[in-house]
Amino acid sequence: MKILVTGGTGFIGSHTVVELQQKGFDVVVVDNFSNSNPEVLDNIEKISGIRPEFEAFDLIDQTRTSAFFKKHYELQGVIHFAAFKAVGESVQKPLTYYRNNLQSLMNILDGMRENNIPNLVFSSSCTVYGQPDDLPVKETSPIKKAWSPYGNTKQISEDIITDTITAYVGIRAIALRYFNPIGAHDSALIGELPLGVPNNLMPFITQTAIGLRPQLSVFGSDYNTHDGTAIRDYIHVVDLAQAHVVAVERMIGKISEKSFEVFNLGTGNGLSVLDVINSFEKTSGQKLNYILVDRRPGDVEQVWADTSFANEVLGWKAVKTVDEMTSSAWNWEQALSKRK
Ligand code: UD1
């Protein structure tokens, strides 16, 4: 059973490739290394003992994508990760984000349609909920106007998928709305590889601890939360990757009659920025240099998932603790610095 993983050398993609291989799937990866590098393929092979089939090209190239699908008509499913994901950058370069994230999805859907490839798992995000009126947030919670072009590409992508599968019977899709994936594989061979200065909290913490950044700024300490810092639902990337395998198995096994399903992927627990820092300091034994500064524009105060739908319907549950998230992220950062 062969699955295409787009963005398979990226952070979540690489972990998902390993989990798929360990479940016996054949995997073909497409990536243009825009936010990763070829060494990730070597490290996937070190973990699983299998080198995934690989093609390097940009999925916004329609001719190339169409030729790829023609060649791989036997695919049973596609897990589509390849996308730009920096919220701030998307505000600076909206057209780059819309073009990249939407054109690649449309090319993939065309390829699936033309070659009768039935199953799509799409990387969506909790960003589609904005600041929800009620917490925890359910899949049925209202979709709010997106706060950034990046968030808007996720909303529009879900619409493109639903319209496409309505028009073309034969394609089914699952959208997985991620909360905040952090951590790394236990082997410390794969993890997050931010380009330049990280935007996200966890890589900024580990890069500060290892001396690549002088100080972490904690954005906002006057939120209406238990310690004043913003709350998110952090989830271990390996738990998240495993949910993709379950989603693929659900579609291939035709366990559901529905042609489109949406699941929240989180732990169901909200943690503040200071909770994550405290866990990091405990598991690493490092004192982190941080200061409290103003809120970051565009940040919501708090969001965490109601995961009961994914738990019951997918039979999947995130099991790793925040200490496992921070310790694995720290092991990965240290391993990375030794390899440089
Ligand atoms: C955002 C997006 C999410 C996207 C993710 C990946 C929203 C609501 N969320 O998550 O959809 O998938 O980025 O790029 O748009 N923080 C600091 N200091 C830092 C960095 C972060 O205090 O140096 C704080 C933030 O203010 C926030 C928390 O840490 O409260 C998490 O931030 P981050 O890791 O950037 O993720 P989100 O913004 O939640």
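Rules used throughout
Residues numbered from 1 in each chain as written. Predicted model: local features only at pLDDT ≥ 70, side-chain atom pairs only at ≥ 80, totals over all residues. Heavy atoms only, no water. Helix = DSSP H or I, 4+ residues; strand = E, 2+ residues; numbered from the N terminus. Rg over C-alpha atoms; globule rule 2.2 N^0.38 Å. Contact = heavy atoms within 4.5 Å. Lys, Arg positive; Asp, Glu negative; His and termini not counted. Charge placed at Lys NZ, Arg CZ, Asp CG, Glu CD. 1 Å grid on protein atoms, 1.4 Å probe; cavity = no way out; pocket = protein on both sides within 12 Å on 5 of 7 lines; lining within 4 Å. Points joined across faces, edges and corners; volume = space filled by probe spheres on them. Nonpolar A, V, L, I, M, F, W, Y, C, P; charged D, E, K, R; others polar. Axes fitted to C-alpha atoms, helices over the stretch in contact; angles between N-to-C directions. Left-handed = near helix turned anticlockwise from the far one by under 90°. Buried < 20%, exposed > 50% of the residue type's maximum accessible area, 1.4 Å probe, protein only. Pairing = 2+ DSSP bridges. Right-handed = clockwise from strand over helix to strand, strands pointing away.

**A short note on the overall build of the protein chain**
Tallying secondary structure elements over the protein chain gives 11 helices and 13 strands in all. Computed over its C-alpha atoms, the radius of gyration of the protein chain comes to 19 Å, within 12% of the 20 Å expected for a compact globule of 340 residues. In the protein chain, 79% of the contacts between residues at least 6 apart in sequence involve partners at least 24 apart. Charge separation in the protein chain, taken as the distance between the mean sites of 31 positive and 39 negative side-chain charges, equals 3 Å.

**Thoughts on the layout of surface pockets**
Approximately 360 Å³ is the volume attributed to the second largest pocket. If you trace the second largest pocket, you find 22 residues lining it, with Glu192, Leu193, Trp332, Leu336 and Lys340 closest to the centre. Per-element tally for the lining of the second largest pocket: the top contributor is helix α11 (residues 322-339), with 5 residues. For the lining of the second largest pocket, the per-class residue count stands at 12 nonpolar, 5 polar and 5 charged.

**A short note on the packing of helix α3 (residues 62-71) against helix α5 (residues 94-114)**
With their axes 9 Å apart at the nearest point, α3 and α5 run at an angle of 35 degrees to one another. Relative to α5, α3 is oriented so that their crossing is right-handed. Note on element contacts: α5 touches α3 through Asn107, Ile108, Asp110, Gly111, Met112 and Glu114, opposite Gln62, Thr65, Ser66 and Phe69. Taken together, the residues of the contact of α3 with α5 break down into 3 nonpolar, 5 polar and 2 charged.

**Things to note about the pairing of strand β2 (residues 26-30)**
Of all 5 residues in β2, 4 are buried, a share of seventy percent or more. Relative to β2, strand β1 (residues 2-6) runs parallel, the two being bridged by 5 bridges. What sits directly across from Lys2, in β2, is Asp26. A crossover links β1 with its parallel partner β2, the connecting element being helix α1 (residues 11-22), and its sense is right-handed. Bridging between β2 and strand β3 (residues 53-55) involves 3 bridges; their strand directions are parallel. In the strand pairing of β3, Val30 is matched with Glu55. Chirality of the crossover, the property in question, places the unit of β2, helix α2 (residues 39-48) and β3 among those that are right-handed.

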